[in-house]
Each structure stands twice: as C-alpha cells, then as structure tokens.
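Okay, here's what each chain looks like letter by letter:
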Amino acid sequence: MPPALDPGIARQALQKARLYAILDAAYAPPERWPELARQLASGGAGIFQLRAKTLPKEEILTHARALAPLLAQLGLPLILNDHPDLVAPSGAAGCHLGQDDLGIPEARRMLGSSVLLGLSTHSPCQALAGQAVGADYLGFGPLYATGTKPDYRPIGPEKIREIVGQVTLPFFCIGGLNPDRTAEAASHGATRVCVVSRLLLAKDPAAAAREILSRLGSGTRLKESVQS
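Attention in this report is confined to the structure presented alongside it.

Cut-off values and rules
- Residues numbered from 1 in each chain as written.
- Predicted model: local features only at pLDDT ≥ 70, side-chain atom pairs only at ≥ 80, totals over all residues.
- Heavy atoms only, no water.
- Helix = DSSP H or I, 4+ residues; strand = E, 2+ residues; numbered from the N terminus.
- Rg over C-alpha atoms; globule rule 2.2 N^0.38 Å.
- Buried < 20%, exposed > 50% of the residue type's maximum accessible area, 1.4 Å probe, protein only.
- Contact = heavy atoms within 4.5 Å.
- Areas by Shrake-Rupley, 256 points an atom, 1.4 Å probe, with all protein chains shown as cover.
- Lys, Arg positive; Asp, Glu negative; His and termini not counted.
- Charge placed at Lys NZ, Arg CZ, Asp CG, Glu CD.
- Pairing = 2+ DSSP bridges.
- Axes fitted to C-alpha atoms, helices over the stretch in contact; angles between N-to-C directions.
- Right-handed = clockwise from strand over helix to strand, strands pointing away.

1. Observations regarding the overall build of the chain
Then comes step 1: A count of helices and strands for the chain gives ten helices and eight strands.
Then comes step 2: Relative to the globule expectation of 17 Å for 228 residues, the C-alpha radius of gyration of the chain, 16 Å, shows essentially globular dimensions.
Then comes step 3: Overall, the chain is about 50 × 40 × 35 Å in size when its C-alpha atoms are taken along their principal axes.
Then comes step 4: Residues counted as buried form 51% of the 228 residues belonging to the chain.
Then comes step 5: Relative to all contacts within the chain whose residues are 6 or more apart in sequence, the contacts with residues 24 or more apart total 62%.
Then comes step 6: Just so you have it, the chain exposes about 10100 Å², and 52% of that area is on carbon and sulfur atoms.
Then comes step 7: Mean positive and mean negative side-chain charge positions of the chain (23 and 20 charges, respectively) differ by 5 Å.

Quick look at the structure:
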C-alpha cells in the first residue's frame, strides 16, 4: 500500500483549506472520483471526504486506497465519512463523524493523536461542544435546505455569527451552498465552506470550485465585516 500523507502535512492542509469537497456516491459514481478529485483540487479544494452511505465497507476501503495516495501526491488529505476502523488500512488522513456516531474521545483513543477527526454540528451549542471534546475541525449546518440531508432542518446563515470568535477550530459551513449563498454565508463571517452537489454535478468541476472560492472572499475582509 502506498504511504499515507504525512500527518503534519495533513494538518497544514486543513489549516489552509477554505473549500472542502465531498466525493459522495449519491451524486457521482465511485469510478468518477479520481478524476473529480483531480479537477476539484486544481480548482482549489483543499481537503476531501469520501462519503458512501450505501456501499459495503469492502468497496469503501478499495476506493479509499485509490484516492488517498492520489491526493497525498497533491499534499491534500482524504477523510472518510464514518468508519474509523478503515482509516489506517486505507491510508486516509482521518475520519468525519456525526452526532450519533462514535464520539470524538473514543475515536481519538482508537486512532491516536495524529489522525484528523471532524465532527458534524447543527447548532452553536454543538459546535462549542465539538471543540471542547477535541475535534480537529467542524462541519456547521445545514445552512440551507439540502437534498444531501433532507431530514435536517436548515439553521440559516445568521447562526454563523454566533460561533465566529467563539470556535477557534477550522469550521466549514455546509448545506445547500451555491455561489450566491456562499457570498451570503461569507457576509455573516464564513471563511470556509463544504460543497457537495454544486461541485459534483458541474460540467466543469474545477471552474465550479473556483467560483465558490471567489464568492467566499478573503478571510480578513470577512472578519472586519463581522466586527463592524
């Protein structure tokens, strides 16, 4: 198996990442993931997640073993949605957990301090709690209604203001984002976003990624906007 991405490089990539891309089997078949990953990376995506809720674990492992070294060559981390037991054998840089999955402390004991652990949060209280229990980064949302998680009530972009300055971890706003909504989220203080269908269904994924990043603006400008 090819060597995994160095943990230090993975952490540096996380800190720099402003666009988190999810390779979701619900929107793009696994055979397209390697090329999608290359295109999205060229468009500026800085961290990737493999999400395949309906695939058997054996297939997830197979695809992760192909994606992890491909992204490692670009200095970018691959995160697995769920399945902390697949992180080591796949060469992934970490795993992303939901509120009803294995807890962050338990996953940390299982995987060690060098592995990246992300947590989905759906309110400011959950975001602060996720930071307190030792997550490395957070997903925050859904900001808007999304077909990816139709059972989740959108929390609205205004909630971003409640965690700016309180959550010091990288947090990626997620849920129903397109270029205009990304700009709206940025006006409330978002500096990082996670996008799924807009990227995976685009005719030109690299261009779609660049457009999202262009609407996100600069972190300095956003901080000044929130403080004013």
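2. Section: the sheet that holds strand β1 (residues 19-24)
Then comes step 1: An order of β1-β2-β3-β4-β5-β6-β7-β8 is seen for the eight strands of this closed barrel, with the pairing classed as parallel. Ignoring which end each strand starts from, the neighbouring axes of this sheet average 25° apart.
Then comes step 2: Bridge count between β1 and strand β8 (residues 193-195): three bridges; the pairing is parallel. Within the sheet, the bridge partner assigned to Tyr-20 lies in β8 and is Cys-194.

3. Description of the environment of Leu-40
Then comes step 1: Relative to the elements of secondary structure, Leu-40 occurs in helix α2 (residues 33-42).
Then comes step 2: For the pair Leu-40 and Asp-204, spaced 164 residues apart in the sequence, the C-alpha separation amounts to 9.2 Å.
Then comes step 3: Look past the residues within four positions of Leu-40 in its chain and what remains in contact with it is Ala-21, Leu-23, Ala-45, Phe-48, Leu-199, Leu-200, Pro-205 and Ala-209.

4. Thoughts on the pairing of strand β4 (residues 94-97)
When a strand is regular, its side chains alternate between the sheet's two faces.
Then comes step 1: The side-chain alternation of β4 yields two buried faces, one formed by Gly-94 and His-96 and the other by Cys-95 and Leu-97.
Then comes step 2: Bridge count for strand β3 (residues 78-81) against β4 is three bridges, and the pairing is parallel. Looking at β4, one finds that Asn-81 is bridged to His-96.
Then comes step 3: What joins β4 to strand β5 (residues 116-121) is helix α5 (residues 104-111), and the crossover it makes is right-handed.

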